[in-house]
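These are the residues of each chain, in order.
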Amino acid sequence: HPLDDFAHGLPKAELHIHIEGSLEPELIFALGQRNQIELPYPDVESLRAAYAFTNLQSFLDIYYAGASVLITEQDFFDMAWAYFLRAKADNVIHAELFFDPQTHTERGIGFDTVINGLTRACQQAREQLGIRAELIMCFLRHLSEEEAFETLEQAKPHLGKFIGIGLDSSEVGHPPEKFARVFAEARKLGLRVVAHAGEEGPPEYIWSALDVLKVERIDHGVQSLKDQKLVERLVKERIPLTVCPLSNIKLCVFPDLGQHNLKQMLDLGIVATVNSDDPAYFGGYMNQNFHQPRAALDLDREHLKQLAANSFEASFATPEEKRAYG
Ligand code: HPA
Ligand code: ZN
């Protein structure tokens, strides 16, 4: 479709990608072999066949298992580099990558190993691919506040290597306010702040992410349209939502793409962006997250241009970088 060629050609920023969710089954098996880690699946096909999710938790169980093959700094580099090659092919010129240190430190992997491998890949992406790449460290919300504080302590020697913090993993039952104090400390350190909210959880979680955690962007936020007052605030304050259409279908947040609320968001004037979330698990990288909703929702050229423009507005690029992006 000509509009898919148009969307493909647009320079874009990706703001919601969990780097551990870019680990393709082929790379899981290659790293498993390199590190002599036994996987509970005999081959790539049977692992891929297990990617049939019913909700967020059913995905997270497999996602954390997949990450168990990551041991060395080189493994983290290889994972991120594979993502950057895909991003380049989709005309992503700015990327803010989430990483989940606790998924690794809980297994005895050093915080330094994780962040140094990722940082080296980000540097190489700038130098060799012309992609401005930044890291955002996420706390796992199913773990305790105390564990989040320990993680922030481990991160302090690396403050120059990541630009912000986020909050991910099992949403329902773990409201944003559980992490009020650790987010306050991170903000004092000068870090940017975002959080997943309103993916499966209620609009109240979006309110508390904004009012208690004081986040600058909401990850997902697709439940916000249930709350008229919240929509008014998102529009008025230009609070961006990093929407992940294919993720929402794979995790059964919407029954099919034709019922996704992305187009409504744009028509309401919400600063919505599209992103891939966990592309190796959800069946597509950045451009697929433009093409499939384009077809299902009959998005027009203006919607696509708006999504690309929103991605830069919503990014944590500096004002000078934003001007250079046009
Ligand atoms: N939601 C919450 N946690 C996550 C996700 C998500 O979509 N992807 C990876 N961790
Ligand atoms: Zn996510």
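Bear in mind the structure is a predicted one, so any value in this text is a computation, not a measurement. (Residues numbered from 1 in each chain as written. Chains lettered and ligands numbered in written order. Predicted model: local features only at pLDDT ≥ 70, side-chain atom pairs only at ≥ 80, totals over all residues.)

1. Points about the overall build of the protein chain
For clarity, the threshold we go by: Think of it this way: any DSSP run of H or I at least four residues long counts as a helix, any run of E at least two long counts as a strand, and we number them from the N terminus. Atoms counted for the radius of gyration: C-alpha only. Globule rule: 2.2 Å times residue count to the power 0.38. To assign burial, the other C-beta atoms lying within 10 Å of each residue's own C-beta are counted, with C-beta atoms placed from the backbone; 20 or more indicates buried, 12 or fewer indicates exposed, and intermediate counts indicate partly exposed. C-beta atoms are first placed from the backbone for all residues, and any pair lying within 7 Å is then listed as a contact.
Broken down by element type, the protein chain carries 17 helices and eight strands. Relative to the 2.2 N^0.38 estimate, which gives 20 Å for 326 residues, the radius of gyration of the protein chain is 18 Å and therefore close to what a compact globule would have. In terms of overall dimensions, the protein chain has C-alpha extents of about 50 × 45 × 40 Å along its principal axes. Classification of the 326 residues of the protein chain by burial places 47% in the buried group. At a minimum sequence separation of 6, the contacts of the protein chain that also span at least 24 residues come to 76%.

2. Here we look at the environment of serine 58
With respect to the helices and strands, the residue serine 58 is situated in helix H4 (residues 56-66). Distance in space between the C-alpha atoms of serine 58 and leucine 251 is 8.3 Å, their sequence separation being 193 residues.

3. What to know about the UniProt feature "binding site: substrate" (unreviewed entry) in the protein chain
So the rule is basically this: UniProt positions are given in the numbering used here, feature names are shortened, and annotations may be inferred rather than shown by experiment.
Sites flagged by UniProt as "binding site: substrate" (unreviewed entry) map to Asp278. Relative to the assigned elements, aspartate 278 resides in the loop between strand E8 (272-274) and helix H14 (279-282). You can call aspartate 278 buried: it has 25 C-beta atoms within 10 Å. Filtering out sequence-adjacent residues up to four positions away, aspartate 278 remains in contact with His18, Gly21, Tyr63 and Ser247.

4. What to know about the nonpolar core
Keep this limit in mind: By convention the nonpolar core is taken to be a set of buried residues drawn from Ala, Val, Leu, Ile, Met, Phe, Trp, Tyr and Cys and joined through C-beta atoms within 7 Å.
Membership of the largest hydrophobic core comes to 90 residues, with the highest contact counts inside it found for Ile19, Ala80, Leu97, Phe99, Leu118, Ile136 and Ala209. When residues of this core are assigned to their parent elements, the largest contribution, seven residues, is made by strand E3 (residues 132-140).

5. Section: the site of ligand 1
Rule in force here: To decide whether a residue is near a molecule or strand, its C-beta atom is placed from the backbone and checked for lying within 6 Å of it. We call Asp, Glu, Lys and Arg charged. Ala, Val, Leu, Ile, Met, Phe, Trp, Tyr, Cys and Pro are nonpolar, and the rest, Gly among them, are polar.
Looking at ligand 1, the residues that line it are His18, Gly21, Leu56, Tyr63, Asp168, Ser169, His196, Glu199, Ser247, Asp277 and Asp278. Its residues assigned to classes, the shell around ligand 1 shows two nonpolar, five polar and four charged.

6. Quick word on the sheet that holds strand E2 (residues 92-99)
What counts, and what does not: Paired strands, as defined in this entry, are two strands with at least two bridges between them according to DSSP. Here, axes are lines fitted to C-alpha atoms. For helices the fit covers the stretch in contact, and angles between N-to-C directions go from 0 to 180 degrees.
Pairing within the open sheet is parallel, and its eight strands lie in the order E1-E2-E3-E4-E5-E6-E7-E8. Of all the strands in the sheet, just strand E1 (12-18) and E8 have a single pairing partner and so form its edges. For this sheet, the mean angle separating the axes of adjacent strands, direction not counted, is 25°. By the bridge criterion, two bridges tie strand E6 (residues 217-220) to strand E7 (residues 241-243) in an arrangement that is parallel. Bridge pairing links aspartate 219 to threonine 242 in E7.

7. A closer look at the pairing of strand E5 (residues 192-197)
Note the following rule: Looking down the strands as they point away from the viewer, one classifies a crossover as right-handed if the path from the first strand across the helix to the second runs clockwise.
Sheet topology places strand E4 (residues 164-168) next to E5; two bridges connect them, and they run parallel. Among the inter-strand pairings, isoleucine 165 is bridged to a residue of E5, identified as valine 193. One ladder, built from four bridges, connects E5 with E6; its direction is parallel. By the bridge assignment, histidine 196 is partnered in E6 with aspartate 219. Chirality of the crossover, the property in question, places the unit of E5, helix H10 (residues 203-211) and E6 among those that are right-handed.

8. Examining unusual backbone geometry
Phi at aspartate 277 takes a positive value of approximately 65°, unusual for a residue other than glycine. One non-glycine residue with positive phi stands out, namely aspartate 298, at about 55°. Topologically, aspartate 298 is positioned in the loop between helix H15 (286-297) and helix H16 (301-314). Overall, the presence of 11 C-beta atoms within 10 Å leaves aspartate 298 in the exposed class.

9. What to know about the environment of alanine 308
You can see alanine 308 is positioned in helix H16. We classify alanine 308 as buried; it has 20 C-beta atoms within 10 Å. Setting aside chain neighbours within four positions, we find alanine 308 in contact with Leu10, Pro11 and Lys12.

10. Digging into the UniProt feature "binding site: Zn(2+)" (unreviewed entry) in the protein chain
According to UniProt, the feature "binding site: Zn(2+)" (unreviewed entry) maps to His16, His18, His196 and Asp277 in the numbering used here. These annotated residues cover 262 residues of sequence, and their C-alpha atoms all fall within 11.7 Å of one another, placing them together at a single site. Relative to the helices and strands, histidine 16 resides in strand E1. Exposure remark for histidine 16: the 29 C-beta atoms within 10 Å place this residue in the buried category. Apart from the residues lying within four places of it in its own chain, the contact partners of histidine 16 are Asp219, Thr242, Cys244, Asn275 and Asp277. Following the sequence through the fold, histidine 196 ends up in strand E5. Owing to 28 C-beta atoms within 10 Å, histidine 196 belongs among the buried residues under this scheme. Every residue in contact with histidine 196, bar those within four places of it in the chain, is listed here: Leu167, Asp168, Glu171, Asp219 and His220.

11. Side note on the packing of helix H5 (residues 73-89) against helix H7 (residues 111-129)
What counts here: Note: crossing handedness is left-handed where the near helix turns anticlockwise from the far helix by less than a right angle, and right-handed where it turns clockwise.
Axis separation between H5 and H7 bottoms out at 7 Å; the angle between their running directions is 35°. Of the two elements, H5 crosses H7, and the hand of that crossing is right-handed. Every residue of H7 that contacts H5 at Glu73, Gln74, Asp75, Phe76, Phe77, Ala80, Trp81, Phe84 and Lys88 is listed here: Thr113, Val114, Asn116, Gly117, Leu118, Arg120, Ala121, Gln124, Ala125 and Leu129. Considered class by class, the residues forming the contact of H5 with H7 number ten nonpolar, five polar and four charged.

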